[in-house]
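Observations on the three-dimensional arrangement
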Amino acid sequence: MGVSLSVWLISRAENSRPSSSSVFPLLAVPTSSRLAVILNSSPVAPGNGRSHWSSVHRSPHFLLSSCHQEVTRSPVERSSDGVRAEMGVKSGLHVWEVLWKPNHRGSHAVLGISRQSCPLQASGYNVLVGGDLQSWGWELKTNQLWHAGQSLGLYPRKRTGSHSEAAEDFRPMSSTSTKMAQTPLPIPESILLVLDADAGTLGFVVDGSFLGVAFKDLPRGVELFPAVSSVRGGASIRLRYLNGATRDPPALMALSGLTIRQYLGQQRHNQMHKLPLPPRLQHYLLSNQ
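Residues numbered from 1 in each chain as written. Predicted model: local features only at pLDDT ≥ 70, side-chain atom pairs only at ≥ 80, totals over all residues. Heavy atoms only, no water.

Points about the nonpolar core
Note the cut-off: Residues grouped as a nonpolar core are buried Ala, Val, Leu, Ile, Met, Phe, Trp, Tyr and Cys residues, joined through side-chain atoms within 4.5 Å. When a residue's accessible area, from a 1.4 Å probe over protein chains only, is under 20% of the maximum for its type it is buried; when over 50% it is exposed; and in between it is partly exposed. We call two residues contacting when some pair of their heavy atoms lies within 4.5 Å.
Among the nonpolar cores identified, the biggest contains 38 residues, and Trp138, Leu195 and Phe204 are the most heavily contacted of them. If sequence neighbours within four positions are ignored, phenylalanine 204 has contacts with Leu111, Trp138, Tyr155, Ile191, Leu192, Leu193, Ser209, Phe210, Leu211, Gly212 and Ala214. Formed by ten residues, the second largest nonpolar core is a distinct cluster that contains Leu35, Val95, Val205 and Leu242.

Structural data, given as structure tokens:
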């Protein structure tokens, strides 16, 4: 039987820290039906080629594991180092998981996407992914979004309590805005990167919650790659491609399955065999638990 991404992600979250301590469900925004179906589908096999970091397009200070799914940064001083995925996408909606332990990040820990020509090594301590026009990045320690070497504000933009919403546009932050920046949220180890190459948007899922669009108006019809950059020695970062979909609307069967799973909730998924459903739909639901 397959294991839906939503169940798989919840089990990971439960193993990492109590879900009740997470603020991210309060910051979640509604997902499209395409993304909802993907997150409720079985993940592809772990060995998928889209789960590999590139053996060529990486800083020489990033060491690649034998399975190509993990990179580890060497303890080199005064250097900013990046790596991108081996395979990119030009169309469709795609979801990757990046595993990056908080104590392996340090400053300038950036996750995002790049085009083929994004710089992947520079002297000093800098934001590489998001540091030029060829890449877009989320700096995990400060929660800042970066593109073209400029900070575009905090992400997620939706904040609760004393956290006011950041500006909805993408203008560079002024010095006054920088001083008023809210306290960054601690980002856990597992982060889902959600790239909609058809709509030209990039967003992230944290603790099972989609935090909304981080970047819009991405270039279309060009190959885009998941990418990271780091300055911390010993940082280990793992990549896994989870699933994807074409630009076509989800099939009626997939939407029906999604509605049933949402109605039952995670706690009652094991009761689907009791539902008075047509055999074909019953088989579909059970095979995608």
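What follows picks up the thread again.
A closer look at the pairing of strand 14 (residues 225-230)
This is how it is decided: Helix and strand assignments come from DSSP, with helices taken as H or I runs of at least 4 residues and strands as E runs of at least 2, each series counted from the N terminus. Paired strands, as defined in this entry, are two strands with at least two bridges between them according to DSSP.
Extensive coverage of strand 14 is indicated by the burial of six of its six residues. Pairing of strand 4 (residues 79-85) with strand 14, which is carried by four bridges, proceeds in the antiparallel orientation. Bridging across to strand 14, arginine 84 finds its partner in alanine 227. As paired strands, strand 6 (residues 110-114) and strand 14 are joined by five bridges and run antiparallel to one another. Each residue of the ladder has a partner; that of leucine 111, found in strand 14, is valine 228.

What about the sheet that holds strand 2 (residues 62-64)?
The line we're drawing: The convention used is that axes are lines fitted to C-alpha atoms, helices contributing only their stretch in contact, and that angles between N-to-C directions extend from 0 to 180 degrees.
Here we have seven strands laid out as an open sheet, ordered 2-3-15-5-11-12-13, and antiparallel in their pairing. What marks the edges here is a single partner per strand, and that holds for strand 2 and strand 13 (209-215). Across the sheet, the axes of successive neighbouring strands diverge by a mean angle of 25°, strand direction being ignored. One ladder, built from three bridges, connects strand 2 with strand 3 (residues 70-73); its direction is antiparallel. Within the sheet, the bridge partner assigned to phenylalanine 62 lies in strand 3 and is arginine 73.

Comments concerning the confidence of the model for the protein chain
Counted only if it meets this: A residue's pLDDT is the confidence the predictor assigns to it, expressed on a 0 to 100 scale.
Of the residues in the protein chain, 73% have a pLDDT of 70 or more, and the chain-wide mean is 83. Low pLDDT (under 50) marks residues 5-10, which in the prediction has 18 contacts with non-local residues, meaning those over four places away or in another chain. Overall, residues 161-171 carries pLDDT values under 50, and its contacts beyond four positions in sequence, including any with other chains, amount to 19 contacts.

Here's the deal with the pattern of salt bridges
Convention followed: The term salt bridge refers to a pairing of a side-chain nitrogen on Lys or Arg with a carboxyl oxygen on Asp or Glu at a separation within 4 Å.
If you walk through the whole model with that rule in mind, you get five salt bridges. The salt bridge partner of aspartate 198 is arginine 34, with a shortest N-O separation of 3.3 Å. Separated by 164 residues along the polypeptide, aspartate 198 in the loop between strand 11 (190-196) and strand 12 (201-206) and arginine 34 in helix 3 (residues 33-39) bring together distant segments of the chain. Look at the salt bridges and you will find they share partners, linking Arg34, Asp196 and Asp198 into a network.

Some words on the environment of valine 228
Looking at the element boundaries, valine 228 is found in strand 14. Once residues lying within four places of it in the same chain are set aside, the contact partners of valine 228 are Trp53, Asp81, Gly82, Val83, Trp100, Val110, Leu111, Val129 and Ile237.

A short note on unusual backbone geometry
Of note, the bond from tyrosine 155 into proline 156 is cis; its omega dihedral lies within 30 degrees of zero at 5°. One can find proline 156 in the loop between strand 10 (150-154) and helix 4 (175-179). The backbone of arginine 78 shows a phi angle near 50°, a positive value even though the residue is not glycine. You can see arginine 78 is positioned in the loop between strand 3 and strand 4. Positive phi, normally seen in glycine, also occurs at aspartate 217, with a value near 60°. When you line up the elements, aspartate 217 lands in the loop between strand 13 and strand 14.

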